Amino acid sequence: AGKGKGPGRNALALERTKGSEILFGVAPCRLALARERRALFRLFLKEQRGGGGGSGRPLRAELALQAAARGVPVLHLPGRALDALCRGRPHQGVCLEAAPLPFRSLRDAEEPRQGDGESGRRQLLWLVLEHIQDPMNMGALLRAAYFLGVDRVVATHSNSCPLTPIVSKASAGAMEVFDVYSTDDLQGFLKAKSAEGWEVVGTVSRPEDVEDVPVISCSEFQWDKPLIVVIGSEGEGLSLETQLQCQRMLAIPPGRALHPGIDSLNVSVAAGILLHSICSQKRRHGD
């Protein structure tokens, strides 16, 4: 790759395709290669020094084959060059130069078919994210939503972090296989879904902060119509305008008397608990 202290600098000097970004980590790169959702430019694999294959060799061979099948060139670089490419983030010996993955527009979304019997219609579940700004939280939310069976994720277009490589890594690659939609009129969207017969429920960490909307424990919630769960931003929670579009607010009851200042959950953990509480009803109904 280069002489002396060159490898890191040479990786950055590799001419990048305009507008491209660097995905890093095994799961995001493998899933981006498997799905034809982005333009892919080059796969970078950590080169093996000497004869030892190490535990990563079969995996790297598999990724190289995947890249070849997609017509993506493969470059073998020293680990320091990969570190430089992804700015020291945990790449696990794999980086992929790719076009960014944008949010999908709700205007282009196909409506889920609702002709599969009333029970199928009743069990639709969408997750709406208002102003999630931390890419680690965004990734963890997408991972939980994908795992637990959420049908669609919709994020606010403004004041939300974009679908970056950091989000993809934090989602364990779920972002590469799960469409994320965006809306620039959250209140209008929620109003329209309510008019179509959906139930819109918000989430709150401190029930005393909510006015004019009933608050119930997530364990008391009964899921009996298509449902939208709205999660608010890390610091502020749901905006007042969005709270007023909700028919109810769900809270997670704490397991002890809480010390002031440690009286809420991380947003992605809270979402996982709430979604599991709701999705377990689907399994009980056997739909």
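- Per an unreviewed UniProt entry, the recorded name for the protein chain is rRNA methyltransferase 1, mitochondrial, and the organism is Brachypodius melanocephalos.
- Check the Subcellular location (unreviewed entry) section of the UniProt entry for the protein chain; it says "Mitochondrion".

## A few points about the packing of aromatic side chains
- Tallied over the entire structure, the rule returns 3 aromatic pairs.
- Between tryptophan 126 and tryptophan 198 the ring centres are 4.7 Å apart and the planes differ by 55°, which places this aromatic pair in the tilted class. Linking tryptophan 126 in strand 6 (residues 125-129) with tryptophan 198 in the loop between helix 9 (186-195) and strand 9 (199-203), this pair joins segments that are 72 residues apart in sequence.
- Between tyrosine 146 and phenylalanine 178, the aromatic rings sit 5.6 Å apart at their centres with planes inclined by 65°, giving edge-to-face as the arrangement. Residue tyrosine 146 is found in helix 6 (residues 135-148), and its partner phenylalanine 178 is found in the loop between helix 8 (174-177) and strand 8 (180-183); the two are separated by 32 residues along the sequence.
- Assessed through its relative accessible area of 11%, phenylalanine 178 is described here as buried.
- Among the aromatic side chains, those forming a connected cluster through ring pairs are Trp126, Phe189 and Trp198.
- Directly above the ring of tyrosine 181 sits arginine 152, whose terminal nitrogen or CZ lies 4.5 Å from the centroid.

## Considering the pattern of salt bridges
- Counted according to the given criterion, the structure contains 9 salt bridges.
- Here arginine 37 ties to aspartate 179 by a salt bridge, and the two come within 2.7 Å at their closest N and O atoms. With arginine 37 in the loop between helix 2 (26-34) and strand 2 (40-46) and aspartate 179 in the loop between helix 8 and strand 8, this residue pair connects regions lying 142 residues apart in the sequence.
- Since its relative accessible area comes to 27%, arginine 37 is described here as partly exposed.
- Residue class for aspartate 179 comes out partly exposed when judged on its relative accessible area of 24%.
- A salt bridge links glutamate 176 to arginine 38; the shortest N-O distance between them is 2.9 Å. On the criterion of sequence distance, the pair formed by glutamate 176 in helix 8 and arginine 38 in the loop between helix 2 and strand 2 is long-range, its members being 138 residues apart.
- For glutamate 176, a relative accessible area of 2% puts it in the buried group.
- Salt bridges sharing common partners tie together Arg16, Arg42 and Glu97.

Each value, and the rule that gives it
- Residues numbered from 1 in each chain as written.
- Predicted model: local features only at pLDDT ≥ 70, side-chain atom pairs only at ≥ 80, totals over all residues.
- Heavy atoms only, no water.
- UniProt positions renumbered as here; feature names shortened; annotations may be inferred.
- Phe/Tyr/Trp six-rings, centres within 6.5 Å; stacked < 30°, edge-to-face > 60°.
- Helix = DSSP H or I, 4+ residues; strand = E, 2+ residues; numbered from the N terminus.
- Buried < 20%, exposed > 50% of the residue type's maximum accessible area, 1.4 Å probe, protein only.
- Lys NZ or Arg CZ within 6 Å of the ring centre and 35° of its normal.
- Salt bridge = Lys/Arg side-chain N within 4 Å of Asp/Glu carboxyl O.

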